[in-house]
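Working through the structure, step by step
Below, each chain spelled out in residue letters.
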Amino acid sequence: MTSDIIAALILVPLNLGALYVLGYGLRDLYRGWQSTRYERAPGKLIQSEVKETVQKNRKSSRTVHQVELKYEYMAGGRPYEGTVIAPSYCPTQDRQDHEDLLEWLKSTPQFTVFYDPVVPERSVLIPGVDRGMLSQIAIGVLLLSITLGIAIGYFLIAAGDPGLVHDLVVH
């Protein structure tokens, strides 16, 4: 195999991975933005708990916590159940944050559920865009710029004119 093929076999998956992270972030951002336009309905908490999960990989394991809940609401005269707290809500290691969220949810006898009028099964309790979504986009852009920079630099050098890369000036 030539070095260009080896480089392509390494750089293409890296760039695709960066595009995946960026795409996932853009999808979450779009869903968060969409949720701000959802219809509102009163909701009632059916069941809830802070669930503890152990996430393992080859080298270590960590315990994460997440509120799992079920709530009900009416949309278009029909009852629905939802489980989503926010578009980007995810497990973390800080149990107290999730305990506080659960306590807040339990202390509210009735709350507002935001549901998609086109697909009423799609609902959230806290709509909108948050820092987690924006952070994921920033990480995706950073990864993509690094991997594209490495790929472009490699192929410019491999093209046989290393002076071209040396003479590049960034403004």
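Residues numbered from 1 in each chain as written. Predicted model: local features only at pLDDT ≥ 70, side-chain atom pairs only at ≥ 80, totals over all residues. Heavy atoms only, no water.

1. Examining a negative patch on the surface
Negative charge collects at one region of the surface, where Asp94, Asp97, Asp100 and Glu103 lie side by side. As for its placement among the helices and strands, Asp100 is situated in helix α2 (residues 95-107). (Patch = residues over 30% accessible without salt bridge, like charges linked within 9 Å, V, L, I, M, F, W, Y side chains within 5 Å. Areas by Shrake-Rupley, 256 points an atom, 1.4 Å probe, with all protein chains shown as cover. Salt bridge = Lys/Arg side-chain N within 4 Å of Asp/Glu carboxyl O. Lys, Arg positive; Asp, Glu negative; His and termini not counted. Charge placed at Lys NZ, Arg CZ, Asp CG, Glu CD. Helix = DSSP H or I, 4+ residues; strand = E, 2+ residues; numbered from the N terminus.)

2. What to know about helix α3 (residues 131-158)
Relative to the 40 Å expected for 28 residues at 1.5 Å per residue, α3 spans 40 Å between its end C-alpha atoms, a close match to the ideal helical length. Of the positions making up α3, those classed as buried are Met133, Ile137, Gly140, Leu144, Thr147 and Ala151. Each element contacted by the buried residues of α3 is listed here: α1 (3-35). Near the N-terminus of α3, the side chain that reaches the backbone nitrogen of Gly132, with its oxygen 3.1 Å away, is that of Asp130. (Expected span 1.5 Å × (residues − 1). Buried < 20%, exposed > 50% of the residue type's maximum accessible area, 1.4 Å probe, protein only. Contact = heavy atoms within 4.5 Å. Polar contact = N/O pair within 3.5 Å; in protein donor to acceptor, adjacent residues only side chain to side chain.)

3. Quick word on the nonpolar core
Nonpolar side chains tend to gather and get buried jointly when the protein is soluble and globular. Core analysis: the largest hydrophobic core is formed by 18 residues, its most contacted members being Val67, Leu69, Tyr71, Tyr73, Leu105 and Leu125. Every element with two or more residues in this core is listed here: β1 (39-56), β2 (61-75), α2 and β4 (111-115). Ranked by residues supplied to this core, first place goes to β2 with five residues. (Core = buried A, V, L, I, M, F, W, Y, C linked by side-chain atoms within 4.5 Å.)

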